[in-house]
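Chain residues, written in single-letter form:
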Amino acid sequence: AAEDGLNAWLRYARLPDNIIRQAGIPSSIVALNSTETSPVFVAGLELQRGIKGALGTNLDVAHKSNKGSSIVVGTVDAFTATGGKTGAPELEEDGFWLDTTGKTVQILGQNERGALYGAFEYLSMLAQGNFTKVAYATNPSASIRWVNQWDNMDGTIERGYAGLSIFFKNNTTVANTTRVAEYARLLASIGINGIVVNNVNANPILLSDENMAGLGKIADAMRPWGVRVGISLNFASPQTLGGLPTFDPLDKSVVAWWHDQTDKLYKHVPDMAGYLVKANSEGQPGPITYNRTLADGANLFAKAVKPYGGIVMFRAFVYDYQHLNESNWKDDRANAAVDHFRDLDGEFDDNIIVQVKYGPIDFQVREPASPLFAHLQQTSSAIELQVSQEYLGQQCHLVYLAPLWKTILDFDLRIDGEKSVIGEDVLSGKRFNKKLSGYAAVVNVGQNTTWLGTHLAMSNLYAYGRIAWDPTVDEVAILQDWTRLTYGLNRKVLDTITELSMQSWVAYENYTGNLGVQTLTDITYNHYGPNPQSMDNNPWGQWTRADSDSIGMDRTVWNGTGFSGQYPSEVAARFESIETTPDDLLLWFHHVPYTHVLKSGKTVIQHFYDAHYDGAETASSFPRKWTSLKGLVDTQRFEEMLFRLEYQAGHAIVWRDSIVQFYNNVSGIPTAAAA
Ligand code: GCW
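Residues numbered from 1 in each chain as written. Predicted model: local features only at pLDDT ≥ 70, side-chain atom pairs only at ≥ 80, totals over all residues. Heavy atoms only, no water.

Peer 1: Honestly, the overall build of the chain in this entry has me stumped. Any pointers?
Peer 2: Counting secondary structure elements, the chain contains 21 helices and 18 strands. Expressed along its principal axes, the backbone C-alpha trace of the chain runs to roughly 80 × 65 × 50 Å. Accessible area for the chain stands at about 24,000 Å²; split by element, carbon and sulfur atoms hold 50% of it. The distance from the centre of the 54 positive side-chain charges to the centre of the 73 negative ones in the chain is 7 Å. (Helix = DSSP H or I, 4+ residues; strand = E, 2+ residues; numbered from the N terminus. Areas by Shrake-Rupley, 256 points an atom, 1.4 Å probe, with all protein chains shown as cover. Lys, Arg positive; Asp, Glu negative; His and termini not counted. Charge placed at Lys NZ, Arg CZ, Asp CG, Glu CD.)

Peer 1: I tried to follow the site of the ligand on my own but got confused; where do I start?
Peer 2: In the neighbourhood of the ligand, 14 residues make up the surrounding shell, with Glu158, Lys278, Lys357, Asp362 and Glu390 lying closest. In the environment of the ligand, an oxygen atom lies 2.6 Å from a nitrogen or oxygen atom belonging to the side chain of lysine 278. At 2.7 Å, a side-chain N or O of lysine 357 approaches an oxygen atom of the ligand. In isolation the ligand has 340 Å² of accessible area, and contact with the protein removes 97% of it. In the shell around the ligand, the residues fall into three nonpolar, three polar and eight charged. (Near = heavy atom within 4 Å. Polar contact = N/O pair within 3.5 Å; in protein donor to acceptor, adjacent residues only side chain to side chain. Nonpolar A, V, L, I, M, F, W, Y, C, P; charged D, E, K, R; others polar.)

Peer 1: What am I meant to see in the nonpolar core here?
Peer 2: A general feature of soluble globular proteins is that nonpolar side chains tend to end up buried together. Counting 210 residues, the largest nonpolar core has Trp9, Tyr183, Met222 and Trp626 as its most contacted members. Ignoring any residue separated from it by four or fewer positions in sequence, one finds tyrosine 183 in contact with Val147, Gln149, Ile166, Phe167, Ile195, Met222, Val443, Val445, Trp451 and Leu461. The next biggest cluster of nonpolar side chains, apart from the first, holds nine residues, and it includes Val76, Phe79, Ala88 and Leu108. (Core = buried A, V, L, I, M, F, W, Y, C linked by side-chain atoms within 4.5 Å. Buried < 20%, exposed > 50% of the residue type's maximum accessible area, 1.4 Å probe, protein only. Contact = heavy atoms within 4.5 Å.)

Peer 1: Please clarify how the sheet that holds strand S15 (residues 380–386) should be interpreted in this entry.
Peer 2: Remark on secondary structure: sheet strands pair via backbone hydrogen bonds, oriented parallel or antiparallel. The eight strands lie next to each other as S7-S10-S11-S12-S13-S14-S15-S16, forming a closed barrel whose pairing is parallel. Strand-to-strand twist of the sheet, defined as the mean angle between neighbouring strand axes without regard to direction, takes the value 25°. The pairing of strand S11 (residues 228–233) with strand S12 (residues 274–277) spans four bridges and is parallel. Among the inter-strand pairings, leucine 233 is bridged to a residue of S12, identified as valine 277. The sheet contacts of helix H10 (residues 294–305) involve S11, S12, strand S13 (311–315) and strand S14 (352–357), and relative to S13 the element is tilted by about 160°. (Pairing = 2+ DSSP bridges. Axes fitted to C-alpha atoms, helices over the stretch in contact; angles between N-to-C directions.)

Peer 1: I tried to follow the confidence of the model for the chain on my own but got confused; where do I start?
Peer 2: In regions of low pLDDT, the predicted coordinates are not meant to be interpreted in detail. Looking at the chain, the pLDDT average stands at 97 and 99% of residues meet or exceed 70. When the elements of the chain are averaged for pLDDT, helix H1 (residues 2–7) gives the smallest value, 82, and strand S10 (residues 194–196) the largest, 99. (pLDDT = per-residue confidence, 0-100.)

Peer 1: Would you mind showing me how to read the packing of helix H6 (residues 178–189) against helix H7 (residues 209–222) here?
Peer 2: When two helices pack together, their arrangement is given by the angle between their axes and by how far apart the axes lie. Two elements in contact, H6 and H7, have axes separated by 8 Å at closest approach and are oriented at 45°. The angle between H6 and H7 falls in the class oblique. Between H6 and H7 lies a crossing whose hand is right-handed. Taking contact as the criterion, the partners of Val180, Ala181, Tyr183, Ala184 and Leu187 in H6 are, on H7, Ile218, Ala221 and Met222. Classifying every residue of the contact of H6 with H7 gives eight nonpolar, no polar and no charged. (Parallel < 35°, antiparallel > 145°, perpendicular 65-115°, else oblique. Left-handed = near helix turned anticlockwise from the far one by under 90°.)

Peer 1: Looking at this model, I keep getting lost on the pattern of salt bridges. Mind explaining?
Peer 2: Any two side chains of opposite charge can pair, so long as their charged atoms come close to each other. For the structure on display, the rule yields 32 salt bridges. Here glutamate 282 makes a salt bridge to lysine 278, at a shortest N to O gap of 2.9 Å. For aspartate 584, the salt bridge is made with arginine 366, and the minimal N-O distance between the two is 3.2 Å. With aspartate 584 in the loop between helix H18 (569–576) and helix H19 (586–589) and arginine 366 in the loop between S14 and helix H12 (372–375), the pair connects residues that are 218 residues apart, well separated along the chain. The exposure class assigned to aspartate 584 is partly exposed, which follows from its relative accessible area of 30%. Residue classification places arginine 366 among the buried residues on the basis of a relative accessible area of 13%. A single salt-bridge network, built from bridges that share partners, covers Asp94, Arg113 and Arg145. (Salt bridge = Lys/Arg side-chain N within 4 Å of Asp/Glu carboxyl O.)

Peer 1: Help me understand the packing of aromatic side chains, please; the structure alone is not making it clear to me.
Peer 2: When we look at a pair of aromatic rings, we describe it by the centre distance and by the angle of the planes. Scanning the model with the defined rule gives 34 aromatic pairs in all. The rings of Phe235, Phe247, Trp257, Trp258, Tyr275, Tyr290 and Phe301 are connected pair by pair, giving a single aromatic cluster. Above the plane of the ring of tyrosine 319 lies arginine 333, whose end atom (NZ or CZ) is 3.9 Å from the centre. The residue whose ring lies beneath arginine 637 is tyrosine 487, and the NZ or CZ to ring-centre distance is 4.1 Å. (Phe/Tyr/Trp six-rings, centres within 6.5 Å; stacked < 30°, edge-to-face > 60°. Lys NZ or Arg CZ within 6 Å of the ring centre and 35° of its normal.)

Peer 1: Explain the pairing of S14 here, please?
Peer 2: It is a general feature of regular strands that their side chains alternate between the two faces of the sheet. Here S14 lies mainly inside the structure; six of its six residues are buried. The alternating pattern of S14 places Ile352, Val354 and Val356 and Ile353, Gln355 and Lys357 on opposite faces, both of which are buried. For S13 and S14, the ladder comprises four bridges, and the chain directions are parallel. Looking across to S14, one finds that arginine 315 is bridged to glutamine 355. The β-α-β motif built from S13, the intervening helix H11 (residues 336–341) and the parallel element S14 has right-handed crossover chirality. (Right-handed = clockwise from strand over helix to strand, strands pointing away.)

Peer 1: What's the story with the pairing of strand S16 (residues 438–442) in this structure? I'm lost.
Peer 2: Of all the five residues making up S16, five are buried; the element is thus mostly covered by neighbouring parts of the structure. Here five bridges tie strand S7 (residues 144–148) to S16, and the two strands are oriented parallel to one another. In the sheet register, isoleucine 144 faces S16, and the bridge partner there is glycine 438. Direction of pairing for S15 relative to S16: parallel, over a ladder of five bridges. Its bridge partner being in S16, glutamine 386 is matched across the sheet by valine 442.

Peer 1: Any chance you could explain the sheet that holds strand S6 (residues 135–138) here in plain terms?
Peer 2: Spatially, six strands are ordered S2-S1-S3-S5-S4-S6 in an open sheet, and the strand pairing comes out mixed. Edge positions in the open sheet fall to strand S2 (61–62) and S6, since each of these has one partner strand only. Running over the sheet, helix H3 (residues 39–55) touches strand S1 (29–31), S2, strand S3 (71–75) and strand S5 (105–109) and is turned about 155° from S3.

Peer 1: Looking at this model, I keep getting lost on helix H15 (residues 458–469). Mind explaining?
Peer 2: What sets the pattern is the α-helix's 3.6 residues per turn: residues three or four places apart point alike. Across its twelve residues, H15 extends 17 Å between first and last C-alpha, which sits within 8% of the 16 Å expected from 1.5 Å per residue. Buried residues dominate H15, accounting for eleven of its twelve residues. Those residues of H15 not exposed but buried are Met458, Ser459, Asn460, Leu461, Tyr462, Ala463, Tyr464, Gly465, Ile467, Ala468 and Trp469. (Expected span 1.5 Å × (residues − 1).)

Peer 1: Looking at this model, I keep getting lost on the environment of leucine 645. Mind explaining?
Peer 2: Position of leucine 645 among the secondary structure elements: in helix H21 (residues 635–667). Separated by 268 residues in the primary sequence, leucine 645 and glutamine 377 place their C-alpha atoms 44 Å from one another. When near neighbours in sequence (up to four residues on either side) are disregarded, leucine 645 contacts Leu398, Leu500, Phe622, Pro623 and Trp626.

Peer 1: What is the right way to look at the environment of histidine 596 in this model?
Peer 2: Mapped onto the secondary structure, histidine 596 falls in the loop between strand S18 (592–593) and helix H20 (604–627). As a C-alpha pair, histidine 596 and serine 550 span 46 residues in sequence and 8.8 Å in three-dimensional space. Leave out the neighbours within four places in its chain, and histidine 596 touches Ile578, Leu586, Lys602, Thr603 and Val604.

Peer 1: For this particular structure, what's the right way to read the packing of H15 against helix H16 (residues 475–487)?
Peer 2: Between H15 and H16, whose axes approach to 9 Å, the crossing angle comes to 130°. Considered as vectors, H15 and H16 are oriented oblique to each other. The handedness of the crossing between H15 and H16 comes out as right-handed. Listed contacts from H16 to Met458, Ser459, Tyr462, Ala463, Arg466 and Ile467 of H15 are Ile478, Leu479, Asp481, Trp482 and Leu485. The class makeup of the residues in the contact of H15 with H16 is eight nonpolar, one polar and two charged.

Next up, the structure:
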C-alpha cells in the first residue's frame, strides 16, 4: 500500500475486464530514443508499465520504427526522420501531438519532454478506461511550470506537513535519490518542468563543494523526467560562506564570487534551471542593505546564469516587517509588492521573472489578485501558488484549492482598459509579449508515503500541474480525472469525492475567515487553528482592525491605505466603493460597522455567525459521506481519510465556536439565528 501511495495518481490499477475488452490498442511500443536517461526512453517504459497495470497486457518496447501497429513515442523530428507521416501541426516548446485514430498511435513531442507528456496523457486516458479516438495537439499555456520546495538543509521543511525532506539531511544532499526520481515522475506526468529544491529562506551551505556534487546527483535523478533543477540563494553568501567583507551586489569581488559559484554549479548541473531569490523580506538579506535596488540584486544573478541559458525567479514577496505599525491607519503590507517593484519595471534583465504570490498578503483563504501583475509590463512575471496548505488547514483539513486559484487566474485586471485575464492573457505571456512567464507552486512534499501527508491533498498537486498547462481548464473535470486515476472508476466514489472536494474550500472559508477578512488563524507562529486576536497588533501587517463596532481594512484611496489605487483604473474604481466591491472581499477593502448590510441582505456580523455554522455543518457531513464509500475504497485509504475527516469536522466546530464567541465578545451583538 505504501508503494501505491507513492504512485499517487500513477497507480495504473487494473481496469475491469469488460472495459479492458474495448481497449483495442496496438501490440508494441516504439520509443524513438535508445538512450536510457532520455525522456523518450523513459516514456517508453512508462507506457509499458501503465498498459501492463491498467490493461494487463505486456508490450515490448523497441527503439526503431516497425512495420506493424504500434504506439510510437518520440519527437516529431525523430518520427519524420524515420519516414513517418504525421498530421501534427507546428508545436510549441514542450507541446505534443496525440493521434490514436490510425493503426499506429502517434505520441509526438516538439521536444523529448513534450513526447513524455504525451505518453502520460495517453496513459491517463487508458487508465480512466477512455479509448476514444482522438487526434489533437496541445501546448502549455506558459513556459515556466515549476514547483518550489521549502526544504531546509537539515532535512526539516518550512511549512511542510508530510515528514522530512526527500532532498536533504544533516546539511547535505541525500545519497539515495530514489524518492527524488519518483517525485520527478509525478511532476512530469502533470507537465511540471522545473523545481527549486531548497527553501527560499536559503542556507548558503548548499554551495559547498560536496553539496554541489550532491545537487548534480539530484539533477541526474530528475533529468530523465524532463524536470530541471534550480536552487534558492541566500543573498549574503559571499560574506557568510565566501568570507568577503561585503555582499554588495555592485562590488566587484561579490560579482566575481557569484560568477565563480555559478560556473561551478553548472559543472555539476549543466542544465540547471536557474536561481530563486527571496531578498530583503522577513529578515532575509538583500541589495537594499547597500542602498542598491532589487533590480541590481536580481541582475547580478541574471548575468551569472545567462551564458548557460539559466533564469532568475526573483520574488516579489518583499516587505519590511519592522516598519509596519497598526496605529498608522495608512500602513499596509498589501501595498509592499507594488511599492517595491513599480518603479523597477524595465530595469530587470530579460532572463529574470518576478515571482508574485497570488494575493497581496500571503496565501490567505481569500484574497484579491495581486495588482503587481498590472505593473510588470516590461518585466516577465510568474504567479506563486501554494499547494502546501499553510493557511488552509495544513493537510489536516480537506481543502481542494483549484476553485480558489481560479478566482485569481480568471480575474481580468483590465490593464490599460484591455482584457487582461491573469491566467489566459498575463501568465501566458501574451498580454505583454513575453516568452518567459508562468507558474510556481510551493509544494513541500516529504517522506510520508502519501507525499503531502494525506490522501486527498494530492488532488491539489495534480490540479496545479493541469492548471499551469491550461488555466482555462475546468476544475471539476481535472478533479475527476485525478479521482478516477487515484480511486478507480466507481461512480459513487467519483461523485462523493467530487462533492466533498468542491464543497471544501467554501466550507473552510465559512468556518475560518469571511468576507475577505483573511484566514483568522494564528499569525504569530504556526498559522494553524483559530486565533482571531492574533490578527491585530502583530508586526506582520496581517490586520483586521476589529474594534467594538467595526471591522476591516480600509484600503481605499480616499480614506484608507490607498491599496485599491494600485489596480488599473476600472478595477480600482470597483474596489474603491463599497457598493461595487463584492461581499466576499468587502473587509479586504473596507472598514465597516458590524451592522453594515451586505448585498446578501445580512449584516456583516450575522454573516460571520451564520457562515461559521454553515461551514461547520458542511464539514460535519464529510465523515458521513466518506463512510458511504466503505468497501469501495481500500481499507487503508478509507480508514486514514475517515480519521482526517472526523478530525476536520471536530476542528471546524472549534473554529466555529472560537470565532463566533470572539466577535460576539468584541461587538456585543448576539447571534440572531445561530441557535
Ligand atoms: O507566509 C510566509 C511563511 C514563511 C515563508 C514566507 C515566504 C518561506 O509563513 O514560512 O517563508 O511566507 O513565502 O517567504
